[in-house]
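Architecture and fold: a report
Here are the chains, one letter per residue:
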Amino acid sequence: MNVLMVASECAPFVKTGGLADVVGALPAALARVDVDAQVLLPAYPPLFPLLPKGEEVARFDDLPGGPGRIVKVTAEGMTLLLLDAPQLFDRPGGLYVDENGRDWSDNHLRFGALSMAGARIAMGAIDGYQPDVLHAHDWQAALAPVYLRMAGRDTPRSVITIHNIAFQGRFGPQVLAQLHLKTDWFHPEGLEFHGDLSVLKGALMFSDRITTVSPTYAREILTPEFGMGLEGVLQARAGALSGVLNGIDTEAWDPATDSALAQTYDVRTLKRKTDNKTALRARLGLDPSSTGPLCCVVSRLTSQKGLDALLEAVPHLVQRGAQLAVLGTGQPELEQGFRDAAQAHPGQVAAHIGYDEALSHLFQAGSDAILIPSRFEPCGLTQLYGLRYGTLPVVARTGGLADTVIDANVAALVAKAATGFVFSDVTPAGIAQVIDRVVEAHADPKLWQGMQRAAMRHPVGWDSSAEAYRDLYTDLV
């Protein structure tokens, strides 16, 4: 079976978050269940070195925003179809924002072009290649199923995966003509959303199937609390909606072979993990004599992640003898807040504002626990990395966090099944309470090590999820 994936980012080539990790890992997992997945991706500057190594397989002169060509290339074990349109993608700054952090003003054209190219490839624009399913990821690819439906094509079938419904691709109605969209589709039962064009809503209306990245999040987005205004659309299409839990690349994230670590280890050599704690403390200037748990945060620093509440709970965490190491970027006030916390609690709190992929691996290996107090979390990957590395996740009871972490309650501890700590109250007081539980559990080495081993044995790979996607594709075609 042939599947064309359309996405705006893909690890290890270009990445801003978990979407890239998913798109980068899923094709290899699908290959193991006899699904050939090729990835259509914008040719951003980091991908320019690949263009001369590939073959031009299609050219389009009338995409939104101008012409583009498709270059097919194999890299990192994946087949990539790169949309080479320099007027849209050859620019400094980020994938979605300029050097000042503002959205590119032509994002509708940039990702409209990606979506239209995807729809045309799905309809046979590349000689000898006919996808059975077009699988679009998030709003940046969400017009691809709309363009397919506009063309009146029954095949290939289409799937939209919502990685985070908070990002919807909303633009004024004046862009309809620029995107070659039918104006008579601009109404509440079509593309219109409170007077604007909602790109994601279009995909929710016109895709054959809708998936999201965990079963719990699939239920949550049917409610006003989590649906971000689209809950009515999703309720109307509930029969087409399902949740397929994300996995992680267990080769890239393997403490037994990870070159970013000070010392590799596995579930049988767990004592070696402490060498990474020593290295991380030395790297960050944390007190090496502290006997409490070293907790880490590896995240975008935003209120969605509950990090404003965690920041207020830092004094309690320090008072209980724990340490905190933070890695990430995000809202300026939170970046400064964690810098200030590190200054106020030298040796106990450290903040590395920025992102460093190798350092994120050492954070996972060197910490005792990873804190993820998100107010909503479609799936989350950092808790899966934590499980893999025996770094116990401390998570809010929401979305994929609730689906992947087994709370250290009495029953789970008796059954030796607990893999972390789950709590519901994302407030400074609620976080303080769960930190108390972490500190108390860490003080019992036998209990803590038992939880670590349970965490490391918990399946976090893509195998079962790849089978679920294969079954979904098969059902469609």
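Reference entry: report on the structure contained in this document. If you're wondering where the values come from, they're calculated on a predicted model, not measured in any experiment. (Residues numbered from 1 in each chain as written. Predicted model: local features only at pLDDT ≥ 70, side-chain atom pairs only at ≥ 80, totals over all residues. Heavy atoms only, no water.)

All right, on to the packing of aromatic side chains then. Here the structure, examined in full by the defined rule, presents ten aromatic pairs. Ring geometry for phenylalanine 89 versus phenylalanine 111: centroids 6.4 Å apart, planes at 55 degrees, classification tilted. Remark: phenylalanine 111 occurs in helix 3 (residues 107–122) and phenylalanine 89 occurs in helix 2 (residues 86–89); sequence separation between them is 22 residues. Of the two residues, phenylalanine 89 and phenylalanine 111, neither departs from the other in class, the shared state being buried. Through a chain of ring-to-ring contacts, the aromatic side chains of Tyr44, Phe89, Tyr96, Phe111, Trp139 and Phe171 assemble into a single cluster. Seen from the ring of tryptophan 104, arginine 91 lies directly overhead, with NZ or CZ sitting 4.7 Å from the centre. (Phe/Tyr/Trp six-rings, centres within 6.5 Å; stacked < 30°, edge-to-face > 60°. Helix = DSSP H or I, 4+ residues; strand = E, 2+ residues; numbered from the N terminus. Buried < 20%, exposed > 50% of the residue type's maximum accessible area, 1.4 Å probe, protein only. Lys NZ or Arg CZ within 6 Å of the ring centre and 35° of its normal.)

The next subject is the nonpolar core. Core analysis: the biggest nonpolar cluster contains 101 residues, and Leu30, Leu40, Ile70 and Leu181 have the highest contact counts within it. Considering each element in turn, this core owes the most residues, nine residues, to helix 3. Those residues in contact with leucine 30, other than ones at most four positions away along the chain, are Met5, Val35, Ala37, Ala466, Tyr469, Arg470 and Tyr473. Judged by nonpolar contacts, the second largest core, of 52 residues, contains Tyr265, Cys295, Ala313 and Leu324. (Core = buried A, V, L, I, M, F, W, Y, C linked by side-chain atoms within 4.5 Å. Contact = heavy atoms within 4.5 Å.)

Time to look at the pairing of strand 2 (residues 36–42). Across the seven residues of strand 2, six count as buried, placing the element largely inside the fold. Pairing of strand 1 (residues 2–6) with strand 2 involves five bridges; the strand directions are parallel. Considered in strand 2, the bridge of valine 3 is made with alanine 37. Read as a crossover between parallel neighbours, the route from strand 1 over helix 1 (residues 18–31) to strand 2 is right-handed. Where strand 2 meets strand 5 (residues 78–84), four bridges bridge the pair, whose relative direction is parallel. Its bridge partner being in strand 5, proline 42 is matched across the sheet by leucine 83. (Pairing = 2+ DSSP bridges. Right-handed = clockwise from strand over helix to strand, strands pointing away.)

Here histidine 135 is to be found in strand 6 (residues 133–137). Note on histidine 135: relative accessible area 0%, which makes it buried. Dropping the residues within four chain positions of it, histidine 135 is found in contact with Val3, Leu4, Met5, Val6, Val159, Thr161, Tyr469 and Tyr473.

Among the structural elements, serine 158 can be located in strand 7 (residues 157–162). If we skip the residues at most four places from it in the chain, serine 158 touches Leu134, Pro145, Leu148, Phe206, Ser207, Asp208, Arg209 and Leu476.

The next subject is unusual backbone geometry. With an omega dihedral of 5 degrees, the bond running from alanine 11 to proline 12 counts as a cis peptide bond. In this structure, glutamate 76 takes a positive phi of about 50 degrees despite not being glycine. In this fold, glutamate 76 is placed in the loop between strand 4 (68–75) and strand 5. Phi angles above zero are rare outside glycine, and histidine 180 is one such case at about 60 degrees. Tracing the backbone through its elements, the reader meets histidine 180 in the loop between strand 8 (170–171) and strand 9 (192–193).

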